[in-house]
Amino acid sequence: MNVPAAARAVVQVDRLVGVLALQGDVREHESALIACGVRTSRVRTVVDLAAVDALVIPGGESTTMSKLAVAFGLLEPLRERVRSGMPAYGSCAGMIMLADRVEDGRPDQQTIGGLDVTVRRNAFGRQVDSFEAELDAPAFGVEALHAVFIRAPWVESIGSGVEVLARVAGGSADGRVVAVRQGRLLATSFHPELTSDRRVHAFFVSMLQEA
Ligand code: GLN
């Protein structure tokens, strides 16, 4: 039987997971990561970045994060760490930051990149600005995942090395891709840090064990 990632992750305590703390829901990710048995630290500078084994990029506003990453001299160092194999997980705006290509972004919007996907910002549109949905996502366990979407992107297209972990089921966005993994990079359109279900963070922590 497949042991769910959540059951495996609690043994992992020796990795320092950074949370990019330029903007966004940093504290919620820290709590989720600590619950999964890792230490965390906030990343705002190149020195902070050099100290971490992995990075979580929170939800928030990707255009602001992009601007601040440039202003703090972090964008190139972040790209370099991701290129050299640092595990990273991005939720919502964090997914956008990890995407190689962005639709409906600001003209000057930069991303860290690394994930061979095209994401569409604010894809679900005004009518469903924010919504919650149950996702069938076997990678995270047999039980459906309760997902919170807030002005979320979706994944418009994926490269050949990208694995789809979850899609929306039903409604006008039926079939849209909202969770992906490519090697050591994980991204979700939704915000598991805003629920008490730790399976997505535990999955990420289990990716660190593999790295
Ligand atoms: N719409 C935001 C963006 O473009 C993402 C929203 C979120 O992270 N909740 O960055």
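Think of each chain on its own: its residues are numbered from 1, step by step along the sequence as written. This being a predicted model, a pLDDT of at least 70 is required before a residue's local features are given, and a value of 80 or more before pairs of side-chain atoms are given or counted; all residues contribute to the totals for chains, interfaces and linings. Only hydrogens and water are removed before side-chain values are computed, so all heavy atoms of the structure are retained for them.

Draft legend 1. Representation of the environment of His146 in the model. Note on placement: His146 falls in strand β8 (residues 145-150). Since its relative accessible area comes to 32%, His146 is described here as partly exposed. Beyond its immediate chain neighbours, meaning those up to four positions away, His146 contacts Glu132, Ala133, Glu134 and Thr195. Think of a polar contact as two N or O atoms within 3.5 Å of one another; within protein, one of them needs to be a possible hydrogen donor and the other a possible acceptor, and neighboring residues in sequence only count if both atoms come from side chains. Among the polar contacts listed, one links the side chain of His146 to the side chain of Glu132, at a separation of 2.6 Å. Helix numbers and strand numbers start at the N terminus; a helix is a DSSP run of H or I with at least 4 residues, a strand a run of E with at least 2. Any residue under 20% of the maximum accessible area for its type is buried, any over 50% is exposed, and the rest in between are partly exposed; the area is computed with a 1.4 Å probe on protein chains only. The contact criterion used throughout is that any non-hydrogen atoms of two residues lie within 4.5 Å.

Draft legend 2. Quick look at the site of the ligand. Near the ligand the following residues occur: Gly59, Gly60, Glu61, Ser62, Cys92, Ala93, Ile96, Arg121, Asn122, Ile150, Arg151 and His191. A distance of 2.6 Å separates a nitrogen atom of the ligand from a polar atom in the side chain of Asn122. A distance of 2.9 Å separates a nitrogen atom of the ligand from a polar atom in the backbone of Arg151. Relative to its unbound accessible area of 300 Å², the ligand is 97% covered by the protein chains. Across the shell around the ligand, the residue classes tally to four nonpolar, five polar and three charged. One heavy atom suffices: a residue is near a molecule or strand as soon as one of its heavy atoms comes within 4 Å of it. To be clear on the numbers: accessible area is Shrake-Rupley with a 1.4 Å probe, and residue cover counts the displayed protein chains and nothing else. All amino acids are sorted into three groups, where Ala, Val, Leu, Ile, Met, Phe, Trp, Tyr, Cys and Pro are nonpolar, Asp, Glu, Lys and Arg are charged, and the leftover types, Gly among them, are polar.

Draft legend 3. View of helix α7 (residues 199-210). Given a helix with a known number of residues, its expected span is that number minus one, times 1.5 Å. Look at α7: 17 Å from first C-alpha to last across twelve residues, which is about the 16 Å you get at 1.5 Å a residue. Counting buried positions along α7 yields ten of twelve residues, so the element is predominantly enclosed.

Draft legend 4. Spotlight on helix α5 (residues 75-83). Turning to α5, its buried residues are Leu75, Leu78, Arg79 and Val82. One side of α5 carries all its buried residues, which in axial view fall inside an arc of 100°. Of the surrounding elements, those touching the buried residues of α5 are β1 (16-20), α3 (46-51), β3 (54-57), α4 (62-71) and β12 (185-188). Looking one or two residues past α5, Gly85 carries a phi angle of roughly 100°, positive in sign. The directions from the helix axis to the C-beta atoms form the arc being described.

Draft legend 5. Local environment of the packing of aromatic side chains. Two aromatic rings from Phe, Tyr or Trp, using only the six-membered ring of Trp, form a pair when their centres are within 6.5 Å; if the ring planes differ by under 30 degrees the pair is stacked, by over 60 it is edge-to-face, and anything between is tilted. Throughout the structure, instances matching the rule amount to seven aromatic pairs. A ring pair is formed by Phe131 and Phe149, whose centres lie 4.5 Å apart and whose planes are at 5°; its orientation type is stacked. Of this pair, Phe131 sits in strand β7 (residues 130-135) while Phe149 sits in strand β8, and the two are 18 residues apart along the sequence. Ring pairing ties together the aromatic residues Phe124, Phe131, Phe149, Trp154 and Phe190, which thus form one cluster.

Draft legend 6. Spotlight on unusual backbone geometry. The backbone of Asp104 sits at a positive phi, close to 60°, despite the residue not being glycine. Along the chain, the position of Asp104 falls in the loop between β5 (99-103) and β6 (115-120). Despite not being glycine, Asn122 has its phi angle at roughly 50°, a positive value. If you trace the backbone, Asn122 turns up in the loop between β6 and β7. Its relative accessible area of 36% is what places Asn122 among the partly exposed residues.

Draft legend 7. Focus on the pattern of salt bridges. Salt bridge, as applied in this entry: a Lys or Arg side-chain nitrogen positioned within 4 Å of an Asp or Glu carboxyl oxygen. Under the defined criterion, the tally for this structure stands at ten salt bridges. In this structure, Arg83 and Glu80 form a salt bridge, with 3.1 Å as the shortest nitrogen-oxygen distance. Here Arg83 pairs with Glu80, and both are found in helix α5, just three residues apart, close to one helical turn. Judged by its relative accessible area of 42%, Glu80 is partly exposed. A salt bridge links Arg101 to Asp116; its shortest N-O distance comes to 2.9 Å. Here Arg101 is found in strand β5, whereas its partner Asp116 is found in strand β6, with 15 residues between them in sequence. You can call Arg101 partly exposed: its relative accessible area is 34%. Assessed through its relative accessible area of 26%, Asp116 is described here as partly exposed. When salt bridges that share partners are traced, they join Glu61, Arg121 and Arg151 into one network.

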